Amino acid sequence: MPGSVRLSSDALVGRDEELSDAAAVLGDLPEGRPGVVVVSGPAGIGKTRFAATLADRLRTDRIRVLAGACLDMGAGAPPFSALIAAFRSVDPPAVQLLDALTGAIDMRRSRLFELLRSTVVALARRRPTVLVVEDLHWSDRVTRDALLYLCAMARDGRWGLLLTFREDEVAARPAVHDLLDALRRDTLAHLSLDALAPPEVASQIASITGAEPAGPDVERVFRRSGGVPLLVEEVLAADAAGLSGVPAHLRDWYLARVRRLGARTARAVEVVAVLGESCGERLVATTLGIERTAAAAALDQAVAADVLVPHGQRYRMRHELLRDAVYDALPPARRRRLHSRIATVLATAPQPDAAALAHHWYEADEPVQAALANLEAAALAERVHAPMEQRTYLRRVLEHFDALPAERAQAVGGRAALLARAAEAAFLGGAFDQAVALAEASISQTLEPADLAVRWERLARYHWVNAEGSGAQHAHERSLEQLRADAPPSVRSQVLSGYAWYLSMAGRTAEAAPWSDRAVDAAGDSRIPVDRCRALLAWGLARSGDQAGLDALWEARALAVQCDTGDELGRAHAALDVVLRQQGRTREREPVLRDGYAYAAAHGMTGSYGRVMTYLLAGVLVDFGRWDEAHEMVAASVRDATGTPAMFAHAYRARLAAARGDESTLKEAIDRVTTLSEGLPQQPIPLATALCARAAWCLWSGEVTEAFEYAARAVELTADPLCAGEARALSARAVADQAERAGAYHDGEPAAEAGGQADGDVPAHHPRVTAFGATRAAESARRAGRREPEPWRAAVSAWDEAGDPYWAAYCRWRLAKALLATRTGRNEAAGELEMARDAAARLDARPLLHAIDELVSAAKLNIATARPPAGATARAADLGLTYRELEILPLLVAGRTNGEIAQVLVISPRTVGVHVSRILHKLGAARRTEAADIARRRGLVPG
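Residues numbered from 1 in each chain as written. Predicted model: local features only at pLDDT ≥ 70, side-chain atom pairs only at ≥ 80, totals over all residues. Heavy atoms only, no water.

1. Some thoughts on the overall build of the protein chain
Moving on, step 1. A count of helices and strands for the protein chain gives 48 helices and seven strands.
Moving on, step 2. The burial tally for the protein chain puts 56% of its 943 residues in the buried class.
Moving on, step 3. About 39,200 Å² of surface is accessible on the protein chain, with carbon and sulfur atoms providing 51% of the total. (Helix = DSSP H or I, 4+ residues; strand = E, 2+ residues; numbered from the N terminus. Buried < 20%, exposed > 50% of the residue type's maximum accessible area, 1.4 Å probe, protein only. Areas by Shrake-Rupley, 256 points an atom, 1.4 Å probe, with all protein chains shown as cover.)

2. Observations concerning helix H27 (residues 509-526)
Moving on, step 1. For H27, spanning 18 residues, the distance from its first C-alpha to its last is 25 Å, which sits close to the expected 26 Å at 1.5 Å a residue.
Moving on, step 2. Looking at the buried positions of H27, the neighbouring elements they touch are helix H26 (489-505) and helix H28 (529-542).
Moving on, step 3. Downstream of H27 by a residue or two, Arg 527 has a phi angle that is positive, lying close to 65 degrees. (Expected span 1.5 Å × (residues − 1). Contact = heavy atoms within 4.5 Å.)

3. A look at the packing of aromatic side chains
Moving on, step 1. Summed over all chains, the structure comprises 17 aromatic pairs.
Moving on, step 2. Look at Tyr 810 and Trp 813: their rings are 5.7 Å apart centre to centre, the planes differ by 55 degrees, and that puts the pair in the tilted class. With Tyr 810 and Trp 813 both in helix H41 (residues 805-820) and three residues apart, the pair spans about one turn of that helix. As far as burial versus exposure is concerned, Tyr 810 and Trp 813 are alike and both buried.
Moving on, step 3. Above the face of the Tyr 327 ring, Arg 335 is positioned so that its terminal group lies 4.8 Å from the ring centre.
Moving on, step 4. The cationic tip of Arg 733 hangs over the ring face of Trp 700; the distance from NZ or CZ to the ring centre is 4.3 Å. (Phe/Tyr/Trp six-rings, centres within 6.5 Å; stacked < 30°, edge-to-face > 60°. Lys NZ or Arg CZ within 6 Å of the ring centre and 35° of its normal.)

4. Re the nonpolar core
Moving on, step 1. Within the largest apolar cluster, 225 residues are counted, with the highest numbers of intra-cluster contacts made by Val 37, Leu 54, Met 317, Tyr 806, Trp 813 and Leu 848.
Moving on, step 2. It is helix H36 (residues 685-701) that contributes the most residues to this core, 13 residues altogether.
Moving on, step 3. Excluding residues that lie within four positions of it along the chain, Met 317 makes contacts with Val 269, Val 272, Ala 273, Val 307, Leu 308, Val 309, Leu 322, Arg 323 and Val 326.
Moving on, step 4. Residues Val 90, Leu 97, Ala 100 and Ala 146 belong to the second largest nonpolar core, which totals 39 residues. (Core = buried A, V, L, I, M, F, W, Y, C linked by side-chain atoms within 4.5 Å.)

5. Quick notes on helix H10 (residues 215-225)
Moving on, step 1. Listing the buried residues of H10 in full gives Val 218, Val 221, Arg 224 and Ser 225. Seen end-on, H10 carries its buried residues on one side only, within an arc spanning 140 degrees. What points out from H10, more than 90 degrees from its buried face, is the exposed set Gly 215, Pro 216 and Glu 219.
Moving on, step 2. Buried residues along H10 sit in contact with helix H9 (198-209), helix H11 (229-240) and helix H16 (320-329). (Arc of directions from axis to C-beta.)

6. Overview of the pattern of salt bridges
Moving on, step 1. Evaluated as defined, the whole model comprises 47 salt bridges.
Moving on, step 2. With a shortest N-O distance of 3.3 Å, Arg 59 and Asp 56 are connected by a salt bridge. One end of the pair is Arg 59 and the other is Asp 56, both in helix H2 (residues 47-60) and three residues apart, which spans about a single turn.
Moving on, step 3. When its relative accessible area of 40% is taken as the criterion, Arg 59 is described as partly exposed.
Moving on, step 4. Residue class for Asp 56 comes out buried when judged on its relative accessible area of 12%.
Moving on, step 5. A single network of salt bridges, built from pairs that share partners, joins Arg 733, Asp 737, Glu 740, Glu 779, Arg 782 and Arg 814. (Salt bridge = Lys/Arg side-chain N within 4 Å of Asp/Glu carboxyl O.)

7. Concerning empty space enclosed by the protein
Moving on, step 1. In total, this model carries seven cavities of 30 Å³ or more according to the counting rule given.
Moving on, step 2. Quantified by volume, the largest cavity comes out at close to 250 Å³.
Moving on, step 3. At the level of elements, helix H34 (643-660), H36, helix H38 (721-742) and H41 are the ones that each hand at least two residues to the lining of the largest cavity.
Moving on, step 4. Per element, the largest residue contribution to the lining of the largest cavity is five residues, and it comes from H36.
Moving on, step 5. The class makeup of the residues in the lining of the largest cavity is 13 nonpolar, one polar and four charged.
Moving on, step 6. Reported here for the second largest cavity is a volume of approximately 200 Å³.
Moving on, step 7. Lining the second largest cavity we find 15 residues, and of these Arg 581, Asp 623, Tyr 652, Arg 655 and Leu 722 sit closest to its centre.
Moving on, step 8. The element best represented in the lining of the second largest cavity is H38, accounting for three residues.
Moving on, step 9. Taken together, the residues of the lining of the second largest cavity break down into five nonpolar, four polar and six charged. (1 Å grid on protein atoms, 1.4 Å probe; cavity = no way out; pocket = protein on both sides within 12 Å on 5 of 7 lines; lining within 4 Å. Points joined across faces, edges and corners; volume = space filled by probe spheres on them. Nonpolar A, V, L, I, M, F, W, Y, C, P; charged D, E, K, R; others polar.)

8. Some words on the packing of helix H30 (residues 566-582) against helix H32 (residues 609-623)
Describing two packed helices takes the angle between their axes plus the distance from one axis to the other.
Moving on, step 1. Here H30 crosses H32 at 15 degrees, and the two axes come no closer than 10 Å. Relative to H32, the element H30 lies roughly parallel. When the axes of H30 and H32 are compared, the crossing they make is left-handed. Counted together, Gly 566, Asp 567, Gly 570, Arg 571, His 573, Ala 574 and Asp 577 of H30 and Tyr 609, Val 612, Met 613 and Leu 616 of H32 form the full contact between these two elements.
Moving on, step 2. In terms of residue class, the contact of H30 with H32 is made up of five nonpolar, three polar and three charged. (Axes fitted to C-alpha atoms, helices over the stretch in contact; angles between N-to-C directions. Parallel < 35°, antiparallel > 145°, perpendicular 65-115°, else oblique. Left-handed = near helix turned anticlockwise from the far one by under 90°.)

Written out as structure tokens, the structure is:
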């Protein structure tokens with residue numbers, strides 16, 4: 001039922017400073033100094049969770065915590081409810097005090113208060129004690145008097161008081177306000193909890209969902225919740241339940257508050273809710289047809305009731321959820337009238353807000369005004385590079401297209417032109433399936449051959465990114481069919497360069513070259529910079545192995561920056577990355593991709609080219625051993641990516657999962673890549689990468705035959721030198737493993753190495769291809785039964801030069817094995833294993849780490865490296881803990897904050913937060929202190 005789904009986490013985010021302040025006050029109790037901490041904030045801000053987290057921290061310091069909460073029962077609330085709940089937890093029981101508080105025995109009030117004081121002081125003598133009273137705003141009078149007596153009469157001793165209350169509720173309860181005023185004279189700390197900032201909302205979402213949220217999701221949740229933790233949970237709960245509005249119990253609460261304000265104030269609140277942003281007195285007065293002074297009075301009353309909040313000289317709803325509740329409760333006819341009145345008022349401004357007018361006329365269901373206003377808003381969105389907003393406005397225009405005045409419809413090129421613009425906006429925004437549908441609709445209109453040629457070319461691009469290879473091929477063919485010899489040079493350049501680009505991306509660079517030559521010639525006739533940019537992109541990509549090709553791409557990038565066109569900027573950086581990768585200039589890739597992402601973000605293309613830059617950068621980071629960064633990028637990509645970006649992202653996800661020993665993730669990622677690749681066989685690199693990951697997993701699992709088969713399929717699948725090089729190295733390892741297992745050594749090349757791209761087809765010194773070749777040679781020597789260290793030394797050297805710590809660690813492990821087979825290599829083997837183990841541990845490469853530890857143990861070596869308690873790695877594996885999580889666990893147990901852990905391990909605090917959240921989940925712990933206890937009991941950390 002609506003509102004019944006809840007998503008929550010016991011993790012407390014964004015309160016480190018307040019926790020430290022409170023702990024500093026109450027942490028002095030063992031020294032005999034009483035402390036009082038008052039924690040306040042609006043409803044849902046997290047006071048209860050703060051109190052629980054602070055209590056856990058105090059308990060770890062062996063401070064007794066007695067906690068109770070006041071009840072929201074109005075005049076019918078039982079007296080002393082919070083104190084009764086608190087003292088029921090005392091062991092041994094405080095029988096006399098409980099009997100007096102519950103009325104089981106008749107005791108004068110003065111005697112009861114003195115008994116409360118003496119009991120607290122006696123408990124504190126044995127052990128420092130903190131009394132927690134939550135929700136003081138609902139407290140009964142006798143409880144408040146008891147607390148005042150306690151604070152006044154117990155001036156020393158090892159005890160403390162922690163109180164929480166809602167600021168908005170206390171303002172309406174003078175008696176509670178008086179109590180707080182009295183306490184503040186003696187209070188050592190009054191902490192007011194504020195709303196969370198967007199990064200803290202992101203951390204809360206991650207603690208709830210177990211995954212880092214995407215930027216747009218954080219922005220949406222923050223906007224709807226106002227940064228209030230409870231409302232963050234309610235938004236996520238509504239999302240989980242498939243609800244688009246406000247959970248029912250909150251909606252009723254909000255509406256009841258608004259109704260109590262009276263008709264005029266409620267109407268003013270409705271105007272603010274319908275406007276959806278901060279609102280001035282004049283707009284409210286004009287919309288409602290009342291005097292400005294009356295509107296001001298109504299708005300001020302809503303502020304006093306905490307329904308609206310001042311925003312400069314204007315007013316806004318306190319929370320987006322409150323706004324939704326008021327808006328959704330409006331009858332449809334009244335809602336449309338308010339939108340229409342607001343739009344009429346806004347249109348009189350000297351410079352009307354195009355987006356606001358587009359929204360209000362559309363919601364008012366005024367077809368002509370809605371079509372015109374959304375057309376203007378779409379043009380503005382295109383100018384400021386907001387493709388997803390542009391798509392929305394254009395779809396609204398198309399919805400009311402027949403209402404457009406004839407001259408305006410003709411001026412924009414008719415329905416077909418609007419469909420094409422909407423398709424391009426959807427593509428740039430990452431809605432690839434919508435781009436395909438809109439482009440197909442635009443082609444269905446009656447068009448001239450030149451227009452059709454261009455539309456088919458764009459549709460081909462959309463099919464490609466949507467992982468629809470046959471659709472892309474067909475669309476390119478239709479585009480070429482429509483291309484006439486007398487077509488304008490700009491049309492010829494776009495169609496020809498588009499086809500050449502497609503051929504290069506499909507690995508058919510020899511075919512692409514002549515088409516790119518023709519595109520350059522057409523662009524020369526055109527003399528339009530963007531046409532030359534497109535042609536150079538295709539020409540340079542078709543000559544990816546040459547310096548001339550790379551130079552052409554750099555020129556194309558400069559033209560794209562000059563023209564400020566999003567599509568060309570995205571393609572320029574993607575093409576540069578492809579060529580730098582193939583030429584072995586790996587270290588130049590990261591700055592190119594980061595620049596590309598910056599341009600994508602600036603042009604509103606994070607959903608399209610931003611994802612492309614992200615998965616390409618993840619591949620670079622994997623190669624250089626920055627696996628935690630790569631994991632974050634891949635995790636962000638696979639959450640909402642579709643089409644080709646999703647295919648590549650899952651391929652890198654599979655690669656990481658295999659190396660880290662995560663079989664379930666590996667299988668899921670391979671399944672996704674396989675499914676997506678079925679639609680795009682022209683791009684085999686992701687599937688080949690996934691097959692290599694599967695082969696690597698099988699090798700660590702001892703499934704040698706299966707590993708050889710997966711590697712052989714990868715070699716047959718792609719001519720890409722890097723994928724083929726890795727696959728042949730893995731196939732050589734499989735054959736060598738089989739030979740060692742059977743004791744049947746032999747020379748010769750395994751069958752899987754016969755196909756694929758030859759090493760000679762890449763630059764003479766490609767570091768990774770060279771390193772894969774050296775690894776394959778060393779595996780071949782192992783297959784032949786030769787245990788000499790030299791081939792493995794060469795492989796280690798090659799991988800060190802390539803900068804890949806994982807493959808270097810693997811080869812060091814093999815080198816150590818070879819050294820241990822000699823009579824003088826024991827010390828050198830220990831040194832190589834120490835370096836290999838440190839690298840494997842840092843990467844959290846568990847299969848390799850396990851193999852290294854087995855060799856160290858079998859050879860009885862003593863290598864100098866920090867290690868968890870004996871057997872901890874195996875126990876951690878049983879619980880699903882990664883090595884990185886096992887590395888963080890001792891620091892967590894020691895009470896380090898996320899920031900402190902991040903400094904020790906040289907990773908980001910957000911990454912630490914994700915790991916900590918997963919540790920709690922895997923250990924079945926609600927809080928960090930509970931996780932620490934479990935970790936000690938299970939031997940995961942020293943006792």
